[in-house]
Amino acid sequence: MNTFFDSIPKNSLYLFLTLLIAILIGYWLISFFFRKYGKDPKYLLPEGAFKKISRPILLMFTSILVRSESLRNLLTLEEHDYWFKKASTILFIISLTWLALNVLKMVKKVVISNYDVGVENNLKARKVYTQFNILERIFMFLIILLAIGAALMSFQGIRELGVSIFASAGVAGIIIGFSAQKMIGTILAGIQIAIAQPIKIDDVVIVEGEWGRIEEITLTYVVVKIWDKRRLIVPTPYFIEKPFQNWTKTSSDILGTVFLYTDYKVPFDALRSELTKILESTDLWDKEVNVLQVTESKQDCVEIRALMSAKDSPTAWDLRVLVREKLITFLQENYPDSIARNRVLLEKRDENEENS
């Protein structure tokens, strides 16, 4: 009785087995390389790199196997040569795209692992995080777009349709260009933010009158985490076209101010000494700026400004609140007459003037 293997051409079987063994050897060599050097800290390969690229590589080898003529002969499906080649092409494009995306993520992980955003002086780290977060999205978008285009162009009918549309674009192309102008402008604004960096991850900003931190930056929008845990979603062109406050553009340290409105009897020297005493008693002060000045004199009071410095804006806020409370308490306990008040002057009139 003839079996299935007896009907298979021996040459096709030998070629298929040879190709399969070659693929398995190649896969084993790649896995050996990544497993060995992925654990060595001297190399750039991050830990677990092989797990991220093994599946796309396996899919790539599968696409090569599907394209082989020996497989079609082995399965006696020679008449379906076209579909085997198309399936192989699609699988290869998918595997290559998958591999490129995983390699991109590994490169980002290797680079940003050298920077810690959690440290006190994190300006450089925030710059790197911002650039790589945006550039990663740009490259991912381009890789996926090219992959879809390559997959579609592998079909002759779609390729001819694309050429005909491109040749007859004319007015339709102009209309599409105008309709997509806003979207393209938004994406370009995201790229400009990645390069020029008017904002960075964890920057302290004031946008639309709201104080918050930059939590996320994408190609099309920016997420601002407001102090009360709300999220403000702002389109990226906003940070290119409109003015806003960035308190940590070049450094995280910031000056804090406290204004007091007191009577003219206030002892300024005593108030300065008390400010110094308050600042030296707290860790919120960074020991850089300690100034008390009379900034304005009004009809019923004088304006006093206490100026102090802190390592970042949240610390500056806590320091301002503390200094304001302590200075008011100091005036209440030691110089109650120095608190601003309205005065009424009563003059005693002459008796002759009263009788008349």
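Residues numbered from 1 in each chain as written. Predicted model: local features only at pLDDT ≥ 70, side-chain atom pairs only at ≥ 80, totals over all residues. Heavy atoms only, no water.

**Brief notes about the pattern of salt bridges**
Working definition: two side chains of opposite charge can pair if their charged atoms are close together. Scanning the model with the defined rule gives eight salt bridges in all. A salt bridge links E216 to R137; the shortest N-O distance between them is 3.5 Å. One end of the pair, E216, is in strand β2 (residues 210–217); the other, R137, is in helix α5 (residues 123–153), with 79 residues separating them in the sequence. Judged by relative accessible area, E216 falls into the partly exposed class, the value being 29%. With a relative accessible area of 29%, R137 lands in the partly exposed category. With a closest N to O distance of 3.2 Å, E210 and R230 form a salt bridge. Remark: R230 occurs in the loop between β3 (221–226) and β4 (231–235) and E210 occurs in strand β2; sequence separation between them is 20 residues. Judged by relative accessible area, which is 41%, R230 ranks as partly exposed. (Salt bridge = Lys/Arg side-chain N within 4 Å of Asp/Glu carboxyl O. Helix = DSSP H or I, 4+ residues; strand = E, 2+ residues; numbered from the N terminus. Buried < 20%, exposed > 50% of the residue type's maximum accessible area, 1.4 Å probe, protein only.)

**Regarding the packing of helix α10 (residues 268–280) against helix α11 (residues 313–334)**
In contact at an axis separation of 10 Å, α10 and α11 are set at 135 degrees when each is read in the N-to-C sense. Here α10 lies oblique to α11, going by the angle between them. The way α10 lies across α11 gives a crossing that is right-handed. Between α10, through A270, L271, E274, L275, I278 and L279, and α11, the contact on the second element is made entirely by L319, V323, K326, L327, F330 and L331. (Axes fitted to C-alpha atoms, helices over the stretch in contact; angles between N-to-C directions. Parallel < 35°, antiparallel > 145°, perpendicular 65-115°, else oblique. Left-handed = near helix turned anticlockwise from the far one by under 90°. Contact = heavy atoms within 4.5 Å.)

**Some remarks on the nonpolar core**
By size, the foremost hydrophobic cluster in this structure holds 21 residues, and its most contacted members are L271, L279, I304, M308, L319, V323 and L327. Looking at this core, the elements with two or more residues in it are β6 (254–262), α10, β8 (302–310) and α11. By residue number, the principal contributor to this core is α11, which donates six residues. Contact partners of V323, with chain neighbours within four places excluded, come to V258, L275, I278, L279 and M308. Formed by 16 residues, the second largest nonpolar core is a distinct cluster that contains V205, V222, Y238 and F239. (Core = buried A, V, L, I, M, F, W, Y, C linked by side-chain atoms within 4.5 Å.)

**Topic: the pairing of β4**
One ladder, built from five bridges, connects β3 with β4; its direction is antiparallel. What sits directly across from V224, in β4, is L232. (Pairing = 2+ DSSP bridges.)

**What to know about the packing of aromatic side chains**
The tally for this structure, following the rule as stated, stands at four aromatic pairs. Ring plane angle 75 degrees and centroid distance 5.6 Å describe the contact between Y238 and F239, whose orientation is recorded as edge-to-face. Relative accessible area serves as the criterion here: at 12%, Y238 is assigned to the buried category. Grouping aromatic residues by their ring pairs yields a cluster made of Y238, F239 and F244. (Phe/Tyr/Trp six-rings, centres within 6.5 Å; stacked < 30°, edge-to-face > 60°.)

**Some remarks on the sheet that holds β8**
The sheet built from three strands is open, its strands ordered β6-β8-β7 with antiparallel pairing. Pairing within the sheet leaves two strands with one partner each, and these edge strands are β6 and β7 (290–297). The average undirected angle you get between the axes of adjacent strands in this sheet is 25 degrees. As judged from the seven bridges shared by β7 and β8, these two strands associate in the antiparallel manner. Its bridge partner lying in β8, N290 is registered against M308. The strands touched by α10 are β6, β7 and β8; relative to β7, the strand with the most contacts, the crossing angle is about 140 degrees.

**Quick look at the pairing of strand β1 (residues 204–207)**
Working note: regular strand, side chains alternate between the two faces of the sheet. Relative to β2, β1 is paired through four bridges, and the arrangement is antiparallel. Within β2, the residue paired with V205 across the bridge is G212. Adjacent in sequence and paired antiparallel, β1 and β2 are bridged by two residues, among which E208 carries a positive phi angle near 55 degrees. Here β1 runs beside strand β5 (residues 245–246); their pairing, made up of two bridges, is antiparallel. Residue pairing in the sheet places I206 in a bridge with Q245 of β5.

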